[in-house]
Amino acid sequence: MKNFLKTTAAISTTEVTLIFVGLVKNKYLAIEIGPEGFGIYGMLSSFFSLAAVFSGTWLATGATKYASEFSKKGDNQAVQKITILSIGLTTVLSLTMSLAFILGQEPIRKIFLSEEILRVYFTLFAVSFIGMSLRPVIIAILQGLKKVKFVVTARISISIVEIGLVVSLVYLFDLTGFFISLLLSSVIAMIILIKRLRGSMGKVAI
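Residues numbered from 1 in each chain as written. Predicted model: local features only at pLDDT ≥ 70, side-chain atom pairs only at ≥ 80, totals over all residues. Heavy atoms only, no water.

Draft legend 1. Summary view of unusual backbone geometry. Phi angles above zero are rare outside glycine, and Lys146 is one such case at about 60 degrees. Within the secondary structure, Lys146 is located in the loop between helix H6 (119-144) and helix H7 (148-200). Positive phi, close to 60 degrees, is recorded for Asp174, a residue that is not glycine. Summarising the element assignment, Asp174 is placed in helix H7. (Helix = DSSP H or I, 4+ residues; strand = E, 2+ residues; numbered from the N terminus.)

Draft legend 2. Broad picture of the packing of helix H4 (residues 76-103) against H6. Where H4 contacts H6, the axes come no closer than 9 Å and their chain directions differ by 165 degrees. Here H4 is positioned roughly antiparallel relative to H6, judged by the angle of their axes. In this structure, H4 crosses over H6, and the sense of that crossing is right-handed. Contacts between H4 and H6 involve Thr83, Ser86, Ile87, Thr90, Thr91, Ser94, Leu95, Met97, Ser98, Phe101 and Ile102 from the former and Phe122, Thr123, Ala126, Val127, Phe129, Ile130, Ser133, Leu134, Val137, Ile138 and Ile141 from the latter. By residue class, the composition of the contact of H4 with H6 is 14 nonpolar, eight polar and no charged. (Axes fitted to C-alpha atoms, helices over the stretch in contact; angles between N-to-C directions. Parallel < 35°, antiparallel > 145°, perpendicular 65-115°, else oblique. Left-handed = near helix turned anticlockwise from the far one by under 90°. Contact = heavy atoms within 4.5 Å. Nonpolar A, V, L, I, M, F, W, Y, C, P; charged D, E, K, R; others polar.)

Draft legend 3. Broad picture of the side chain of Ser186. Locating Ser186 in the fold gives a position in helix H7. When its relative accessible area of 9% is taken as the criterion, Ser186 is described as buried. Setting aside chain neighbours within four positions, we find Ser186 in contact with Ser128, Gly131 and Met132. (Buried < 20%, exposed > 50% of the residue type's maximum accessible area, 1.4 Å probe, protein only.)

Draft legend 4. Spotlight on the packing of aromatic side chains. Taken as a whole and judged by the stated rule, the model has 14 aromatic pairs. Where Phe47 meets Phe48, the ring centres are 5.2 Å apart and the plane angle is 85 degrees; that geometry is what we call edge-to-face. The buried category is assigned to Phe48, whose relative accessible area is 0%. Each ring, one from Phe48 and one from Phe101, has its centre 5.4 Å from the other, and the planes form 85 degrees; the classification is edge-to-face. Taken as a pair, Phe48 in helix H2 (residues 34-55) and Phe101 in helix H4 lie far apart in primary sequence, 53 residues in all. Residue Phe101 is classed as buried on the basis of its relative accessible area of 12%. Joined through ring pairs, the aromatic side chains of Tyr41, Phe47, Phe48, Phe101, Phe112, Tyr121, Phe122, Phe125, Phe129, Phe178 and Phe179 make up one cluster. One residue, Lys65, lies across the ring of Tyr66, its end atom 4.4 Å from the ring centre. (Phe/Tyr/Trp six-rings, centres within 6.5 Å; stacked < 30°, edge-to-face > 60°. Lys NZ or Arg CZ within 6 Å of the ring centre and 35° of its normal.)

Draft legend 5. A look at the pattern of salt bridges. What the rule picks out here adds up to four salt bridges. For Glu69, the salt bridge goes to Lys65, with nearest N and O atoms at 2.8 Å. Residue Glu69 and its partner Lys65 are both found in helix H3 (residues 60-73); the two are separated by four residues, about one turn of the helix. Lys65 sits in the partly exposed class, given a relative accessible area of 41%. With a closest N to O distance of 2.8 Å, Arg109 and Glu106 form a salt bridge. One end of the pair is Arg109 and the other is Glu106, both in helix H5 (residues 105-111) and three residues apart, which spans about a single turn. Arg109 sits in the buried class, given a relative accessible area of 7%. (Salt bridge = Lys/Arg side-chain N within 4 Å of Asp/Glu carboxyl O.)

Below, the structure written as structure tokens:
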């Protein structure tokens, strides 16, 4: 019960912190990029969030379940296989989809989005899509391994990096800077999460 309460408190505190950071970031963006910039981001975010459902995020629930079961049994080799399968499959799917989106972006922007969305915005978001797909899967594995502290510190660290990149790059490059910040924060998030995952698995290499 004590561990349950500590875990719940840690996760709840993290969620409140991330909501606050998100509000601050959105307030800054509302001032700097305006309604038009927010509209462009909203359309791209909705499209790629839907696409992420098919790129591997559906593996997250299974990854949590089996990582937890095998970890409890002390079967590190099975944990390693689940980790490699989940991350590997998500990487292949998201990379393939990202390339398809970039190559076919003209009809996609015309049919599903808006021709007002510049190619550079779409391309930056499409590349960031790989990290968007991998992030929930890696977090799911960490949660399955009951590494709550790792998840909490990683999510807060990533959030701090994101807001720093948004503020600095939007100031320098306006709306284009915002999409550059999405790509850079996606890359940094992957580095942080993979480092946390390797550390949580001890001697089991991934």
